[in-house]
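# Working through the structure, step by step
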Amino acid sequence: MFVLFSDLYEGGIADEMIRRASEIVASGTTMVALLALSDSGAPSYDPDHAAALFPDLMAAAIERHDLAQWAAANDVVTAG
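This is a predicted model, so every value here is computed, not measured.

Moving on: the overall build of the chain. A count of helices and strands for the chain gives 4 helices and 2 strands. When the elements of the chain are put in sequence order from the N terminus, they spell out β-α-β-α-α-α. Projected onto its principal axes, the C-alpha positions of the chain cover 35 × 35 × 20 Å. Put simply, the chain has 80 residues, and 16% of those count as buried. Sequence separation of 24 or more characterises 57% of the internal contacts of the chain that already satisfy a separation of 6 or more. Entry remark: accessible area of the chain is about 5,900 Å², with carbon and sulfur atoms responsible for 55%.

Have a look at this one:
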């Protein structure tokens, strides 16, 4: 299990970050990203990088789908 706490704003080479995340997942490691919030509690992260790392989930969130239903359909276990 690899837990990444990040705002996903990459100050270096973004393609390298995406490549390394892909390698982590391809190795069989479960990767979870906990995205940043602003001081007021609003989401604060790079949406392009989030979409590159989690495209299906981000699409569902942007389209305001039921994320619990999305998770169940994609075998994603959520805390109840």
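This model, assessed by the stated rule, comprises 3 salt bridges. Salt-bridge contacts for R19 lead to E16; the nearest nitrogen and oxygen are separated by 2.4 Å. Remark: E16 and R19 occur in helix α1 (residues 14–26); sequence separation between them is 3 residues, near one turn of the helix. Judged by relative accessible area, which is 37%, R19 ranks as partly exposed. Using a relative accessible area of 27% as the deciding quantity, one classes E16 as partly exposed. Ionic pairing is found between E23 and R19, a salt bridge with its closest N-O pair at 2.2 Å. Pair noted here: E23 and R19 are both in helix α1, with a separation of 4 residues, about one helical turn. A network of salt bridges, in which partner residues are shared, links E16, R19, R20 and E23.

What counts, and at which threshold
Residues numbered from 1 in each chain as written. Predicted model: local features only at pLDDT ≥ 70, side-chain atom pairs only at ≥ 80, totals over all residues. Heavy atoms only, no water. Helix = DSSP H or I, 4+ residues; strand = E, 2+ residues; numbered from the N terminus. Buried < 20%, exposed > 50% of the residue type's maximum accessible area, 1.4 Å probe, protein only. Contact = heavy atoms within 4.5 Å. Areas by Shrake-Rupley, 256 points an atom, 1.4 Å probe, with all protein chains shown as cover. Salt bridge = Lys/Arg side-chain N within 4 Å of Asp/Glu carboxyl O.

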